[in-house]
Amino acid sequence: MSALQRDAAPTVEQLSANKQLRRRQGLARIWSGIFFLATAFAVAALAMLAWYIISRGWGYLSWNLLTNPASRRPERSGLYIAIYGTLWIISLTILISFPMGVAAAIYLEEYAPRNRWTRMLQINISNLAGVPSVVYGLLGLGIFVEWLSMGRIVLAGALTMALLSLPVIIISTSEALKAVPWSLRESAYGVGATRWQVTASHVLPAAVPAILTGAILAVSRASGETAPLLVAGAAGFVTRKPDSFDDSYTTIPIQLYNWMSRPQKEFLDLAAAGIIVLMGLLILLNSVAIVLRQYYGRKARW
Amino acid sequence: MTASSDPIPGLPPDSGVGQVDYSLLRRQHLVEKAAGAFLLVCAAVSIFTTIGIVVILLSEALQFFSTESVVDFLTGTKWTALFQHDQSFGVLALVSATVMVTLIAMLVAMPTGLMSAIFLSEYASERTRSVLKPILELLAGIPTIIYGYFALTFVTPEIIQRIFPGASIYNVLSAGLAVGVMITPLITSLSEDAIRAVPRSMREGAYAMGATKFEVATRVIVPAALSGIVASFILAASRAVGETMIVALAAGSRAQLATDPLQSAQTMTGYVIQVVSGDVVRGTNVYYSLYAVGLLLFIMTLGLNIFSHWFVRRFREEYE
């Protein structure tokens, strides 16, 4: 605007002289503070949680915590057997759910016709992802432990956790496949590749980083779950580490629940130390996911 | 084995051109069919999971209802399942506790989650967002048993019992607050997705008319994103209903009609944990009651989830 227009235009101060405007702007300032506080509340809750757990469990953190089996005496109790159980469950769960989940997602994204049945399948998977984990536990108890008479063994627990993780893996793999641009597929179809060739040689390698990330996140979530395995039969007090898939077992969260259910303060402190171990495991798993994504992300250039 | 086709005019026969390797084609065709079939079977497993859940819950619950009346189950308020004598299965006692925990959780999570979502999408700079979003994701990824421990050993003694000296060690309020903090990131991320889907032009039009940031947020954006925001609330409520470990640790196991949030109560999920923590023998009606409660839980959460999807489809505003 010209110098004349600029000098004649009202300044911000002159505009704000309007009382109503000042009130609205004051209100806006107050509310932006409130919105910030709401976010800060969530962050503060996390900080409080972390500080409390660390300060409470610090005294019990030691190598013995990882190498001792559970014991009636808190100072001698450790997570050795529970760690074994958790590792068993994680491995078997990945083995069962990862191939099936990725295959199901490939079917839904690359092979299935876009019709009502496919849509129903997708809705079904989305609903399964929202079912409470304790219901999966009841499913595992009713079908694997009792009806198939497996008993309360590692395999039954792993099958339960595999079913729990399956919808999440399918959904995240579907997202990963959707993110691969159509031009990649069309170029392959254009030179005469068959659908499986396109999928296996072009689409999958491009989607591998995201697929792996999604799967590891799903499994890390599952390894922190307590309820389904409590229901499907992990024991609270196991004396020997599981050596085979048909042994009884316990997992880290279940061992922690066992300790938390005791009234003695020492066991509660021990539980806090165990929580630090559990969070360490989850952070480790998530870091593996991030590292894998970086590594494969560099290889899959499209 | 190669089969030669008819000689092509202009080219010498047996030159290799125009010869088709049918065996390779046949093999590739088999691979295609096998891959397709295998993939379909894997996708079908998800159907079997749903069928499995429904079948096992229904069949075991029906066993329960062969000895207990459905009406008494659904309308009774006395739940004394683990008593030797005077066993009563009025599930409303458990449902009342679940509802109370969920209500408290939603009272905490709805304002906090929505306001955080508004802050993240409207007020925060890119750098602030890049710091805050991972923190919220971390909050969402914490195993619920940790929240339960925090509620039982910190929130109850340090906070609740300081303000309300008459509160018991196990109380619904503590569990409700913890569940609320747990579901807040869910509301924040889903609401933020809904808010970001509102086109910039709407915001800019409002700013151009002189609206303050607060007015744009409350009168333009939230109404535009309302269907997604409400859906996030419903999904969060469904999560709260299904929450197990927090209530198992902090809310207690007093299975009576929940009237006082400062006293203990037992939710549906808490009951399941209590039963499996003891000796549960297959064939007893306590065992079958697990599935009756589980069936009710499944129906409630499934209903909420389906309702939220329907709500979005019905009320979503498409602007582009």
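Criteria and cut-off values
- Residues numbered from 1 in each chain as written.
- Chains lettered and ligands numbered in written order.
- Predicted model: local features only at pLDDT ≥ 70, side-chain atom pairs only at ≥ 80, totals over all residues.
- Heavy atoms only, no water.
- Helix = DSSP H or I, 4+ residues; strand = E, 2+ residues; numbered from the N terminus.
- Rg over C-alpha atoms; globule rule 2.2 N^0.38 Å.
- Buried < 20%, exposed > 50% of the residue type's maximum accessible area, 1.4 Å probe, protein only.
- Contact = heavy atoms within 4.5 Å.
- Areas by Shrake-Rupley, 256 points an atom, 1.4 Å probe, with all protein chains shown as cover.
- Lys, Arg positive; Asp, Glu negative; His and termini not counted.
- Charge placed at Lys NZ, Arg CZ, Asp CG, Glu CD.
- Core = buried A, V, L, I, M, F, W, Y, C linked by side-chain atoms within 4.5 Å.
- Axes fitted to C-alpha atoms, helices over the stretch in contact; angles between N-to-C directions.
- Parallel < 35°, antiparallel > 145°, perpendicular 65-115°, else oblique.
- Left-handed = near helix turned anticlockwise from the far one by under 90°.
- Nonpolar A, V, L, I, M, F, W, Y, C, P; charged D, E, K, R; others polar.
- 1 Å grid on protein atoms, 1.4 Å probe; cavity = no way out; pocket = protein on both sides within 12 Å on 5 of 7 lines; lining within 4 Å.
- Points joined across faces, edges and corners; volume = space filled by probe spheres on them.
- pLDDT = per-residue confidence, 0-100.
- Salt bridge = Lys/Arg side-chain N within 4 Å of Asp/Glu carboxyl O.
- Phe/Tyr/Trp six-rings, centres within 6.5 Å; stacked < 30°, edge-to-face > 60°.
- Lys NZ or Arg CZ within 6 Å of the ring centre and 35° of its normal.

1. Looking at the overall build of chain A
Now for step 1: Per the secondary structure count, chain A includes 13 helices and 0 strands.
Now for step 2: For chain A, the sequential pattern of α-helices and β-strands runs α-α-α-α-α-α-α-α-α-α-α-α-α.
Now for step 3: Radius of gyration (C-alpha) of chain A: 27 Å, far over the 19 Å computed for a compact globule of 302 residues.
Now for step 4: With the principal axes as the frame, chain A shows a C-alpha extent of 90 × 65 × 35 Å.
Now for step 5: For chain A, the proportion of its 302 residues judged to be buried stands at 50%.
Now for step 6: Within chain A, contacts between residues at least 6 apart in sequence are counted, and of these 71% link residues at least 24 apart.
Now for step 7: Surface exposure of chain A reaches about 14700 Å², of which carbon and sulfur atoms provide 63%.
Now for step 8: Both charge centroids of chain A, one from 26 positive and one from 14 negative side chains, sit 7 Å from each other.

2. Considerations on the overall build of chain B
Now for step 1: Each helix and strand in chain B was counted, giving 12 helices and 0 strands.
Now for step 2: Along chain B, helices (α) and strands (β) appear in the sequence α-α-α-α-α-α-α-α-α-α-α-α when read from the amino end.
Now for step 3: For a compact globule of 320 residues, the expected C-alpha radius of gyration is about 20 Å, and chain B comes in at 29 Å, more than 25% above that figure.
Now for step 4: Structurally, chain B occupies a C-alpha span of about 100 × 70 × 35 Å along its principal axes.
Now for step 5: Restricting the contact set of chain B to residue pairs at least 6 apart, pairs at least 24 apart contribute 69%.

3. What to know about the nonpolar core
Now for step 1: Judged by nonpolar contacts, the single largest core of 153 residues is most densely connected at B:L57, B:W79, B:Y149, B:I183, B:Y271 and B:L290.
Now for step 2: With 17 residues, helix 3 (residues 92-123) of chain B is the largest single contributor of residues to this core.
Now for step 3: Contact partners of B:I183, with chain neighbours within four places excluded, come to B:A105, B:M106, B:A109, B:A236, B:R239 and B:A240.
Now for step 4: Membership of the second largest hydrophobic core comes to 30 residues, among which are A:Y107, A:L177, A:V180 and A:L184.

4. A look at the side chain of B:T212
Now for step 1: Topologically, B:T212 is positioned in the loop between helix 7 (200-208) and helix 8 (213-224).
Now for step 2: The contacts of B:T212, once residues within four sequence positions are left out, are A:R24, A:Q25, A:A28 and B:Y207.

5. Regarding the packing of helix 6 (residues 116-129) of chain A against helix 8 (residues 154-178) of chain A
All names here are of chain A.
Now for step 1: Relative to each other, helix 6 and helix 8 sit at 125 degrees, their axes nearing to 8 Å. Classified by the angle between their axes, helix 6 and helix 8 sit oblique to one another. Between helix 6 and helix 8 lies a crossing of left-handed hand. Here helix 6 contributes I125, S126, L128 and A129 to the contact with helix 8, which in turn contributes P167, I170 and I171.
Now for step 2: Class assignment for the residues of the contact of helix 6 with helix 8 results in 6 nonpolar, 1 polar and no charged.

6. Looking at empty space enclosed by the protein
Unfilled space is identified by rolling a water-sized probe across the atoms.
All names here are of chain A.
Now for step 1: Applying the stated criterion across every chain, the model contains 4 cavities of 30 Å³ or more.
Now for step 2: In this structure, the largest cavity is lined by T86, I89, I90, T93, M161, V219, A222, S223, E225, L229 and T251.
Now for step 3: Elements with a contribution of two residues or more to the lining of the largest cavity: helix 5 (80-111) and helix 10 (195-223).

7. A short note on the confidence of the model for chain B
Close inspection of predicted coordinates is inappropriate for parts of the model with low pLDDT.
Now for step 1: Taken over all residues, the pLDDT of chain B has a mean of 89, while the share at 70 or more is 94%.
Now for step 2: Here the predicted complex carries an ipTM of 0.89, next to a pTM of 0.89.

8. Considerations on the pattern of salt bridges
All names here are of chain B.
Now for step 1: As enumerated under the stated definition, the model contains 15 salt bridges over all chains in all.
Now for step 2: K133 is the partner of E192 in a salt bridge, and the nearest nitrogen-oxygen pair spans 3.2 Å. Residue E192 is located in helix 6 (residues 172-196), and its partner K133 is located in helix 4 (residues 126-141); the two are separated by 59 residues in the primary sequence.
Now for step 3: Owing to a relative accessible area of 1%, E192 belongs among the buried residues under this scheme.
Now for step 4: Three or more residues are tied together by salt bridges with common partners; here these are E126, R129, K133, E192 and R196.

9. Quick notes on the side chain of A:E110
Residues and elements named next belong to chain A.
Now for step 1: Locating E110 in the fold gives a position in helix 5.
Now for step 2: Take E110: its relative accessible area is 7%, and that puts it in the buried class.
Now for step 3: Discounting residues that sit within four places of it in the chain, E110 has contacts with L177, R185, R195, T199 and V203.

10. Regarding the packing of aromatic side chains
Now for step 1: By the definition in use, this model includes 24 aromatic pairs over all chains.
Now for step 2: Taking the centre distance of 6.1 Å and the plane angle of 85 degrees together, the rings of B:W310 and B:F315 count as edge-to-face.
Now for step 3: The exposure class assigned to B:W310 is partly exposed, which follows from its relative accessible area of 40%.
Now for step 4: Counting every residue linked through ring pairs, the aromatic cluster contains A:W31, A:F35, A:F36, B:F119, B:Y123 and B:F214.
Now for step 5: One cation-aromatic arrangement involves A:R262 over A:F267; the distance from NZ or CZ to the ring centre is 4.4 Å.

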